[in-house]
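Spelled out from the first residue to the last, the chains are:
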Amino acid sequence: MTSPPAVVVVGRPNVGKSTLVNRLSGRRDAIVEQRPGVTRDRTAHHTRWRGHRFALVDTGGWRPGARDLDAAVAAQAETATRTADLALLVVDAAVGVTEEDAAVARWLRAASVPVLLVANKVDTPGPAVAAGELASLYALGLGDPVPVSALHGLGSGDLLDLVTERLADTGALDRSPADDVEAPGIALLGRPNVGKSSLFNRLVGEERAIVHDRPGTTRDAVDTVVRAGDGRVYRFVDTAGLRRRARRGPPTERYSGVRTARALDRAAVAVLVLDAAEAVGEQDQRLARQVLDAGRALVLALNKWDLVDADRRERLDRQGDRLLSFVGFAPLVRTSALSGRGVARLLPAVERALGQWRRRVATAELNRWLRDAVAGSAPPSHAGRTVRLRYVTQPSVAPPTFRVFGTGPVPSGYVRYLERKLRDAFGFEGTPLDVAVRVRPRWEERG
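Remember, it's a predicted structure, so these values are computed and weren't measured experimentally.

I tried to follow the pairing of strand β13 (residues 389-396) on my own but got confused; where do I start?
Looking along a regular strand, one sees the side chains alternate between the two faces of the sheet. Across five bridges, β13 lies against strand β14 (residues 401-406) in antiparallel orientation. Within β14, the position partnered with Thr-393 by the bridge is Arg-403. With antiparallel pairing between neighbouring strands as the criterion, β13 and β14 make up a hairpin whose turn holds four residues, including Ala-398 at a positive phi of roughly 60°.

Written as structure tokens, this is what we have:
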């Protein structure tokens, strides 16, 4: 599987890298906030320009001598640059060259990747302005700076023209883009610090997301297309941990929550990661309900299983059965992202859930099932009249949707009975079902 050309966007913190990525991709996917250090993981944002497709890779701020979490952010930027076809070094034209800019430029000159120098925050067009503001940037030794205003869009088209020219010069545009393959989206959801990023890195086989013991390290939704050992292609999305009352938190957390919801919207399967060392809580229930309401397939991953003793494991099983009973259809995979134990069973569970989410049952089989279900328990009468269920259809899949037509309404308890009988007959492990009874007027039946 080939990948689309990658254009990595690098620079010191707070020079407008994420704003530029949003401008060039034409979407507001990257989180932007007026303070440094918001972007941490490297995130890919696919875009097209003049018929060519490539990926813009946003990175966190790179600075020399970084430590702790900042060092992990810088390492992500370095990894993205080593694997890129082109690098855009973004500097703040209003500030001029700083020591950190010079350090980034030295690092890029030593790297084996072509570089375009982008002078951001040039808000007034014209050669005279550009000459005055950009003269000092030639000291970076990276050629002519390209003036742009990521905020206002000035110069963005010229920059995209240069990007495609440089990619064409290197032959990178000749590659077939990976996203021509329709890869189902797999969203990893969970509370902060349950091990989503560690599990994500295990699944994709590289340190793609930053792992740190500080809760809330991941902020963006990080997409990675992965080919499994059996040849199947998946698009995994590692999301920020959703906290309670995210609307009242800092803007970054609110934006992370919005992007997590978007990740679920564009996914086919959600993997809800639970912490085996902690009790199932209200937030876990809320996330499971969110997946159910979105109509996505669901797999539960009970992570950090290696840290739990036998007594705790038995209590967890009982608690999970009680607190997550409304998603009892979801398979449970016990994993340890740290050691890798159980992770190999996760993708097969995802594939089974995906297959059931897309499953269609023949109409003849469905109507035989309906006769048996009604024979086992007839629907209660309505307004003194017997309710008869005539036939059932499956108008759609993803999730499987069933419409039962009868002569009168039935209570919600009987609809749940029909859903249980559907699962008894056909399985549907890992997917929610949309089951409803529709009243067909008697005169329509006679017609």
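What am I meant to see in the pattern of salt bridges here?
One side chain can pair with another of opposite charge once the charged atoms of both are near each other. Across all of its chains, the model carries nine salt bridges by this definition. The partner of Arg-12 in a salt bridge is Asp-101, and the shortest N-O contact between them spans 3.0 Å. In this pair, Arg-12 sits in the loop between β1 (6-10) and α1 (17-25) while Asp-101 sits in helix α3 (residues 99-110), placing the two residues 89 residues apart along the sequence. With its nearest N and O atoms 3.0 Å apart, the salt bridge here joins Arg-191 to Glu-278. You can see Arg-191 sitting in the loop between β7 (185-189) and α6 (196-204) and its partner Glu-278 sitting in the loop between β10 (269-275) and α8 (282-294), a full 87 residues away along the chain.

Could you clarify how one ought to interpret the packing of α1 against helix α5 (residues 156-170) in this entry?
Packed helices, taken two at a time, are described by the angle their axes make and the gap between the axes. Remark: α1 packs on α5, axes separated minimally by 10 Å, with the N-to-C direction vectors making an angle of 80°. Judged by the angle between their axes, α1 and α5 are roughly perpendicular. On α5, the residues that touch Leu-20, Arg-23 and Leu-24 of α1 are Ser-156, Leu-159 and Leu-160. Split by residue class, the contact of α1 with α5 holds four nonpolar, one polar and one charged.

Would you mind going over the sheet that holds strand β2 (residues 43-49) with me for this structure?
Taken in spatial order, the six strands make up an open sheet running β2-β3-β1-β4-β5-β6, and their pairing is mixed. The sheet is open, and its two edges are formed by β2 and β6 (146-147), each paired on a single side. Looking at chain direction, strand β4 (residues 86-92) and strand β5 (residues 115-120) are connected through six bridges and run parallel. Within β5, the residue paired with Ala-87 across the bridge is Val-115. Contacts between α1 and the sheet are confined to β1, β2, β3 (52-58), β4 and β5, with β3 contributing the most and set at about 165° to the helix. Of the strands in this sheet, β1, β4 and β5 touch α3, which is tilted by about 165° from β4.

Help me understand the side chain of Arg-191 in this model?
For Arg-191, a relative accessible area of 15% corresponds to the buried category. Side-chain polar atoms of Arg-191 contact the side chain of Asp-284, separated by 3.0 Å.

Sorry if this is basic, but what is going on with the sheet that holds strand β15 (residues 434-439) here?
Across a sheet, strands are paired by hydrogen bonds formed along the backbone, either parallel or antiparallel in direction. Read from one edge of the open sheet, three strands run β13-β14-β15, paired in mixed fashion. The open sheet terminates on both sides in strands that have one partner only, identified here as β13 and β15. For this sheet the average axis-to-axis angle between neighbouring strands, irrespective of direction, equals 25°. For β14 and β15, the ladder comprises six bridges, and the chain directions are parallel. Counterpart to Arg-403 in the pairing with β15 is Ala-436. On top of the sheet, helix α11 (residues 363-376) reaches β13 and β14; it is set at about 140° to β13, its chief contact. Sheet strands in contact with helix α12 (residues 412-426) are β13, β14 and β15, and its direction is about 130° off that of β15.

Conventions used here
Residues numbered from 1 in each chain as written. Predicted model: local features only at pLDDT ≥ 70, side-chain atom pairs only at ≥ 80, totals over all residues. Heavy atoms only, no water. Pairing = 2+ DSSP bridges. Helix = DSSP H or I, 4+ residues; strand = E, 2+ residues; numbered from the N terminus. Salt bridge = Lys/Arg side-chain N within 4 Å of Asp/Glu carboxyl O. Axes fitted to C-alpha atoms, helices over the stretch in contact; angles between N-to-C directions. Parallel < 35°, antiparallel > 145°, perpendicular 65-115°, else oblique. Contact = heavy atoms within 4.5 Å. Nonpolar A, V, L, I, M, F, W, Y, C, P; charged D, E, K, R; others polar. Buried < 20%, exposed > 50% of the residue type's maximum accessible area, 1.4 Å probe, protein only. Polar contact = N/O pair within 3.5 Å; in protein donor to acceptor, adjacent residues only side chain to side chain.

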